[in-house]
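# Examination of the molecular architecture
Here's the letter readout for the chains.
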Amino acid sequence: MTSRITRLAVASVATAVATLGITVANPGPASAAMTICYNTSQAPSYASIANQAASIWNNATTNLTLSANCGSNLRIYQITGGGSYAVRTSLGNGRVYIDTQQAQQYSPLRIMTHEIGHILGLPDNYNGNCAILMSGGSAGTSCTNPYPSTTEANRVSSLFAGTLSSERATDSTGSQVFRDSWPAVPATVG
């Protein structure tokens, strides 16, 4: 009788979950996916944009999950002037700087997703093609595409699966700095 009640209870819960459209993780082996925790406390006006960019990367890739406010693998900063850029200290770790002046000219979501792409192991690709996320500002101010190409997404998935190595051109601190993805904002003459 107890096993029948247990089966009925499990069936009822499964039906309710399915009716509500909730996906329940398969209780199989744990995933090898890496969680990258990002922190927007130094860029509160860009928190929702960071969340959108994280969602884009989470939907485009496997083997990693970007998650807000669970730690600080990735710190996002808001700056004024100097251009947006990323500093990768290791794969999945580093800092992203979003220039508020640049974000007035270019799509802030494209900038954010592009700079996070550097933290995820992607180099710049200044080819002017709007369909290539890592082309950055070379695609012009009218390009608002925030999505990585299939090739870019597959590369990130492979990096986090450990099947590829990332390029390691580093500065004197051992960090990779990605600057000049976005053309400088013209100086105003007063």
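Everything here concerns the structure above.
In short, a report on the structure. Only a predicted model underlies this, so the values are computations on that prediction, with no experimental measurement involved.

Quick look at the state of the cysteines now. With the rule as written, the count across this model stands at two disulfides. With a sulfur-sulfur separation of 2.0 Å, C130 is cross-linked through a disulfide to C143. Between C130 and C143, the S-S torsion sits near 85°, and that sign places the bridge as right-handed. You can see C130 sitting in the loop between helix 4 (108–119) and helix 5 (150–161) and its partner C143 sitting in the loop between helix 4 and helix 5, a full 13 residues away along the chain.

Before going further, it helps to examine the side chain of H118. Tracing the backbone shows H118 in helix 4. For H118, the side chain forms a polar contact with the main-chain oxygen of L122, separated by 2.8 Å.

Attention now goes to the environment of G137. With respect to the secondary-structure elements, G137 resides in the loop between helix 4 and helix 5. The exposure class of G137 is buried, given its relative accessible area of 4%. Spatially, the C-alpha atoms of G137 and Y106 are 7.5 Å apart, while their sequence positions differ by 31 residues.

Across soluble globular proteins, nonpolar side chains show a tendency to be buried alongside one another. With 31 residues, the main nonpolar core has L66, L74, I76, V96, M112, I116 and L120 as its most contacted residues. Going through the elements one at a time, strand 1 (34–42), helix 2 (47–60), strand 2 (64–68), strand 3 (74–79), strand 5 (93–99), helix 4 and helix 5 are the ones with two or more residues in this core. Among the elements that take part in this core, helix 2 stands out by supplying six residues, more than any other. Excluding its chain neighbours within four sequence positions, the residues that come into contact with I116 are A53, W57, L66, L74 and V96.

Next up on the list: unusual backbone geometry. At N63, a residue that is not glycine, the phi angle is positive and equals roughly 75°. Within the fold, N63 resides in the loop between helix 2 and strand 2. A positive phi angle, near 55°, is found at N69, a position not held by glycine. Take N69: it is sitting in the loop between strand 2 and strand 3. Since its relative accessible area comes to 60%, N69 is described here as exposed.

Here the focus is helix 2. The end-to-end C-alpha distance of helix 2 is 20 Å, a good match for the 20 Å that 14 residues give at a rise of 1.5 Å each. Against the buried residues of helix 2 lie strand 1, strand 2, strand 3, helix 4 and helix 5.

Rules used in this analysis
Residues numbered from 1 in each chain as written. Predicted model: local features only at pLDDT ≥ 70, side-chain atom pairs only at ≥ 80, totals over all residues. Heavy atoms only, no water. Disulfide = S-S within 2.5 Å. Helix = DSSP H or I, 4+ residues; strand = E, 2+ residues; numbered from the N terminus. Polar contact = N/O pair within 3.5 Å; in protein donor to acceptor, adjacent residues only side chain to side chain. Buried < 20%, exposed > 50% of the residue type's maximum accessible area, 1.4 Å probe, protein only. Core = buried A, V, L, I, M, F, W, Y, C linked by side-chain atoms within 4.5 Å. Contact = heavy atoms within 4.5 Å. Expected span 1.5 Å × (residues − 1).

Taken by themselves, the reported measurements are silent on function.
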